[in-house]
Amino acid sequence: MCGIIGIVGHNDVAAQLYDGLTVLQHRGQDAAGIATANGSRLLVHKGNGLVSDVFDEDSMRLLRGGIGIGHCRYPTAGSEGDDEAQPFYVNSPFGIALAHNGNLINTDALRREVFEQDRRNVNTESDSEVLLNVFAHELDAQKALTPEAAFKAVERVHQRCVGGYAVVATVLGLGLVAFRDPNGIRPLVLGKRSTAAGDEYAVASESVAFDLLGFERVRDVAPGEGIVITANGELHARPCAQPGKHTPCMFEYVYFARPDSMIDDISVHKARMRMGQTLGEKILRLRPDHDIDTVIPIPDSSRDAALEVANVLGVKYREGFIKNRYVGRTFIMPGQGERAKSVRRKLNPIPLEFRNRVVLLVDDSIVRGTTSRQIVQMARDAGARKVYLASAAPPVRHPNIYGIDMPTREELIAWNRTDEEVQALLGCDWLVYQDLDALEQAVSGPKHRLEHFDSSCFNGEYVTGTEADYFEHLKRLRSDDAKTTRRGG
Ligand SMILES: O=P(O)(O)OC[C@H]1O[C@H](OP(=O)(O)OP(=O)(O)O)[C@H](O)[C@@H]1O
Ligand SMILES: NC(=O)CC[C@H](N)C(=O)O
Ligand SMILES: [Mg+2]
């Protein structure tokens, strides 16, 4: 899951893009980049690492211009090489830089089309570079360089590209273009700021980026919608696809997004609290006479849910694991070796919260089981009498193909296993998962804001459909073994 941001301002925007990316860092820790438009020049700086590693004073000084985009990357396609860091750039037509959050599932066919029909070269294995070339070709096919021409090009992108995508691009001579896939799988939100010089606009993966920069959240970009903000600050917007089923990614609410973000008009924080409430109610239904002494969250992303579980159960909530703030998120690290090592480096128990107690550990989700396996053992080593584990999401049994790098079933601990078998593998005394209905209701909330979700990693239903051999193909390209081989390991 990557983070994207675009700003059209009256002064240089690079420093604000940098700040915005630092608040979107949780969406991608592998690479970062910024592109700005300055007169007739597109300036790009990008590389591997955290936002703070990639940019220094010199690189920031070069990024002049009042229109710009930024990206932080968590790879789901191609390699982890710095040539696949984003934004990508093409010099024809006009000069376009583009940043993409998501994953295309027809990349191979598109790559062939782009070469054979559009006669364009894609120089990396990245699906995002393919997407940029499709957009560039379709913009080139228009007669003029106007917002309407950009919308027509976006319409064609929607017709040709299949998958999850939220995109920001700068087009020299036009301004900023942004669009979201017809099912709205990936999030994208529009913000506005009034200044003495006039209105300024921004688009970003999550509204939290606006809080920091003083933009007001105007609304979510609608599924299939195109947005153009011209260099002089005019906003144009129109639907660019037939209305489809709106299915935002459930995993954003479960794990990815920051709790202080609003996605599709739903507070992530509140959604997670409701997840905790329904999970707590399920635990009470299954074990009305439970013997739980303490609820302990697995920081960070389970905290909101765990607190509500404790409230519903009427037991103490204790921060029993302390997180090393200098270790990043483990789930989005590229290799299993690194992920496994990081859990212990990241989390350390406070023994007095475990000794002789029956503890209920709460995590937001159990994906590969990397985290849960280790924390259950850590809780036992710290002296817990019994260790129960609750997941605020249902078992993850299917690959994600729209922008989260869980491409192979075999790497998922719950695939082809019953809950009892997973419990045995994790080594806990009881394992309880949230039900999918309850999760969807919890996110949708009392106002039933959303009817459908992309819950494919839980139920195996893919809104775009998939080619027959797609999952085998994905496994060959992106399993942990394939990645290790590619890195020469
Ligand atoms: O079953 P797994 O494959 O381990 O994946 C799921 C875990 O990874 C995440 O934590 P992460 O450290 O990535 O992020 P966080 O610090 O935001 O909770 C998530 O909260 C789970 O704890
Ligand atoms: N997680 C994402 O959004 C990834 C974007 C793109 N597919 C890449 O691999 O760079
Ligand atoms: Mg976690």
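- For the chain, an unreviewed UniProt entry supplies the name Amidophosphoribosyltransferase and the organism Lysobacter arseniciresistens ZS79.
- What UniProt records for the chain under Catalytic activity (unreviewed entry) is the sentence "5-phospho-beta-D-ribosylamine + L-glutamate + diphosphate = 5-phospho-alpha-D-ribose 1-diphosphate + L-glutamine + H2O".

### Describing the site of ligand 2
Then, in step 1: Inspection of the region around ligand 2 gives 16 residues, with Cys 2, Pro 75, Ala 77, Asn 101 and Gly 403 positioned closest.
Then, in step 2: Elements with a contribution of two residues or more to the shell around ligand 2: β6 (96–104) and α5 (127–140).
Then, in step 3: Its residues placed into classes, the shell around ligand 2 shows five nonpolar, nine polar and two charged.

### Focus: the UniProt feature "active site" (unreviewed entry) in the chain
Then, in step 1: Per the UniProt record, the feature "active site" (unreviewed entry) sits at Cys 2.
Then, in step 2: Within the fold, Cys 2 resides in the segment before β1 (3–8).
Then, in step 3: Here Cys 2 falls in the buried class, since 26 other C-beta atoms lie within 10 Å of it.

### Comments concerning the sheet that holds strand β7 (residues 163–171)
Then, in step 1: Ordered by their spatial adjacency, six strands build an open sheet running β5-β6-β7-β8-β12-β13, and the pairing between neighbours is antiparallel. This sheet does not close on itself; its edge strands, each paired only once, are β5 (88–90) and β13 (235–239). When the angles between neighbouring strand axes are averaged without regard to direction, this sheet yields 20 degrees.
Then, in step 2: Sitting on the sheet, α5 is in contact with β5, β6 and β7, with an inclination near 125 degrees to β6.

### Points about the site of ligand 1
Then, in step 1: Among the 19 residues in the neighbourhood of ligand 1, the closest are listed as Arg 329, Phe 331, Val 367, Arg 368 and Thr 371.
Then, in step 2: Per element, the largest residue contribution to the shell around ligand 1 is three residues, and it comes from helix α12 (residues 370–381).
Then, in step 3: Here the shell around ligand 1 is built from residues that sort into six nonpolar, eight polar and five charged.

### Focus: the domain arrangement of the chain
Then, in step 1: Each assigned domain of the chain is listed here: domain 1 (3–246) and domain 2 (269–450).
Then, in step 2: On a C-alpha basis, the centres of domain 1 and domain 2 stand 34 Å from each other.
Then, in step 3: Facing the 15 residues of domain 1 at the interface are nine residues of domain 2.
Then, in step 4: For the side of domain 1 that touches domain 2, the secondary-structure elements that each account for two or more residues are β6 and β7.
Then, in step 5: Tallying contributions element by element places β6 first for the side of domain 1 that touches domain 2, with three residues.
Then, in step 6: Counted by class, the side of domain 1 that touches domain 2 contains four nonpolar, eight polar and three charged residues.

### Points about the UniProt feature "domain: Glutamine amidotransferase type-2" (unreviewed entry) in the chain
Then, in step 1: Here the UniProt feature "domain: Glutamine amidotransferase type-2" (unreviewed entry) sits at residues 2–232.
Then, in step 2: In this annotation, residues 2–232 is assigned 28% helix and 35% strand; the end-to-end C-alpha distance for the span is 28 Å.

### Considerations on the pairing of β13
Then, in step 1: Examined bridge by bridge, strand β12 (residues 225–230) and β13 share five bridges and lie antiparallel to one another. Within the sheet, the bridge partner assigned to Glu 225 lies in β13 and is Pro 239.
Then, in step 2: Linkage of β12 to β13, two consecutive antiparallel strands, is achieved through a turn of four residues, within which Gly 233 is found at a positive phi near 90 degrees.

Conventions we followed
- Residues numbered from 1 in each chain as written.
- Chains lettered and ligands numbered in written order.
- Predicted model: local features only at pLDDT ≥ 70, side-chain atom pairs only at ≥ 80, totals over all residues.
- UniProt positions renumbered as here; feature names shortened; annotations may be inferred.
- Near = placed C-beta within 6 Å.
- Helix = DSSP H or I, 4+ residues; strand = E, 2+ residues; numbered from the N terminus.
- Nonpolar A, V, L, I, M, F, W, Y, C, P; charged D, E, K, R; others polar.
- Buried ≥ 20, exposed ≤ 12 C-beta atoms within 10 Å, placed from the backbone.
- Pairing = 2+ DSSP bridges.
- Axes fitted to C-alpha atoms, helices over the stretch in contact; angles between N-to-C directions.
- Contact = placed C-beta atoms within 7 Å.
- Domains from an automatic or database assignment.

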